[in-house]
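# Remarks on the overall topology
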Amino acid sequence: MTQVRKVSIGDGAEWLLAGFGLLRRSPLGLGLLGAIFGFLTALPLLFGEQLGAFMAFQLVLVILGPVLMGGFVHAVGEVDAGRQAVPAHLLHGFSGGRAPRLVALLLPQVAMAVLAVLLLVVMVGPTQLQEAIAVLEQAEGQANPDPAMFENLPIGRFLLWMLLAFVLGVLTYFFTFVATPQIMFEGRGALESMKRSFAACIRNVPAMILFFVLLIVIVFLVSVGAQLVAVVARLAAGPLAMQFVAQILMMAVLMPVMLGASYRAWQKMLAPADGAAPTMAAPPPSGIEV
């Protein structure tokens, strides 16, 4: 088994720079793949008040998302090897029995969501939670809500819960940060990949902290830039068109950078140090190993 390698704190920045570098090498290829993701994630906006259709489509996106990201990581590997990324690469996550293992990467997120809800109920209390929801619903319909409405809410406990939920979210991300490249290029199972991803992130916490700080800055800047460009779409076709364009532009940049950073982090912390370009590993004999 490849051992987890220790990296310097500066590697957290280098991963993101590598993501931008890969995007520059294939701006049309990787940018188009990111735009496809943006389009898919924006589609639920078309359902408007049709809650059932909205939730059903969101569920499909949640399940297919990890598989499509597996294909995206494959495309990143192709660009790193000197080839071009094409839309068909998104389907590579469905090949070789990898889809179930990629979908299994949702397990930490599901567990985190359940734990976060339980913490909210325990820390705030069912009765006060219902009262808070009622106050928020009442305030939503007012242009200038009365501050007195919020005086009896347990604001301190809500803030503490938000802090704990943020920490849980970061730890959850540790399980999947470099799990997808292991499944795609090393042929590992989902549970082993998540275990090794978590171990790699824990061993390299300083680099991960720098990575998160810089990523937040990048997301903010890209979001602002996308919104500014999308204003043109709003003037031409209305608010819905603006949301569509902004989402597509954001994902066209952020997806290649984030998955490129994940790919680079996997290379530095976990990938076999033989200097060979990654290839699609052979699937396990059963084809559905988790």
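Please read all numbers here as calculations on a predicted model, not as lab measurements.

The next point concerns the overall build of the protein chain. In terms of helices and strands, the protein chain carries 11 helices and 0 strands. Secondary structure elements in the protein chain, listed N-terminal to C-terminal, are α-α-α-α-α-α-α-α-α-α-α. Of the contacts made within the protein chain by residues no fewer than 6 positions apart, 78% connect residues no fewer than 24 positions apart.

On the surface, a cluster of nonpolar side chains totalling about 600 Å² of accessible area is made up of Leu59, Val60, Val62, Ile63, Leu64, Leu91 and Phe94. Examined against the element boundaries, Val60 turns out to sit in helix α3 (residues 51-80). When its relative accessible area of 43% is taken as the criterion, Val60 is described as partly exposed.

Moving on, we come to α3. With 30 residues, α3 extends 42 Å from end C-alpha to end C-alpha; this agrees with the ideal 44 Å at 1.5 Å per step. Considering bend angle alone, the principal kink of α3 is centred on Gly65 and spans about 40 degrees; proline Pro66 follows within four residues of it. Two residues or fewer after α3 comes Gly82, characterised by a positive phi angle close to 95 degrees.

What follows is about the pattern of salt bridges. Considering all chains together, one arrives at 7 salt bridges under this definition. The residue Glu186 makes a salt bridge to Arg188 at a minimum N-O spacing of 2.8 Å. Each member of the pair, Glu186 together with Arg188, is buried. The salt bridge partner of Glu192 is Arg188, with a shortest N-O separation of 2.6 Å. Using a relative accessible area of 13% as the deciding quantity, one classes Arg188 as buried.

The final tally for this structure, using the stated rule, is 14 aromatic pairs. With centroids separated by 6.4 Å and ring planes inclined at 25 degrees, the aromatic side chains of Phe174 and Phe212 adopt a geometry described as stacked. One end of the pair, Phe174, is in helix α7 (residues 155-176); the other, Phe212, is in helix α10 (residues 205-237), with 38 residues separating them in the sequence. Overall, Phe174 belongs to the buried group, its relative accessible area being 5%.

Once that is clear, we can look at the environment of Phe20. Following the sequence through the fold, Phe20 ends up in helix α1 (residues 11-25). You can call Phe20 partly exposed: its relative accessible area is 26%. Between the C-alpha atoms of Phe20 and Met258, which are 238 residues apart in sequence, the distance is 8.8 Å. Every residue in contact with Phe20, bar those within four places of it in the chain, is listed here: Ile218, Val253 and Val257.

Cut-offs and rules
Residues numbered from 1 in each chain as written. Predicted model: local features only at pLDDT ≥ 70, side-chain atom pairs only at ≥ 80, totals over all residues. Heavy atoms only, no water. Helix = DSSP H or I, 4+ residues; strand = E, 2+ residues; numbered from the N terminus. Contact = heavy atoms within 4.5 Å. Patch = residues over 30% accessible without salt bridge, like charges linked within 9 Å, V, L, I, M, F, W, Y side chains within 5 Å. Areas by Shrake-Rupley, 256 points an atom, 1.4 Å probe, with all protein chains shown as cover. Salt bridge = Lys/Arg side-chain N within 4 Å of Asp/Glu carboxyl O. Buried < 20%, exposed > 50% of the residue type's maximum accessible area, 1.4 Å probe, protein only. Expected span 1.5 Å × (residues − 1). Bend = angle between axes of the 7 residues up to and from the residue. Phe/Tyr/Trp six-rings, centres within 6.5 Å; stacked < 30°, edge-to-face > 60°.

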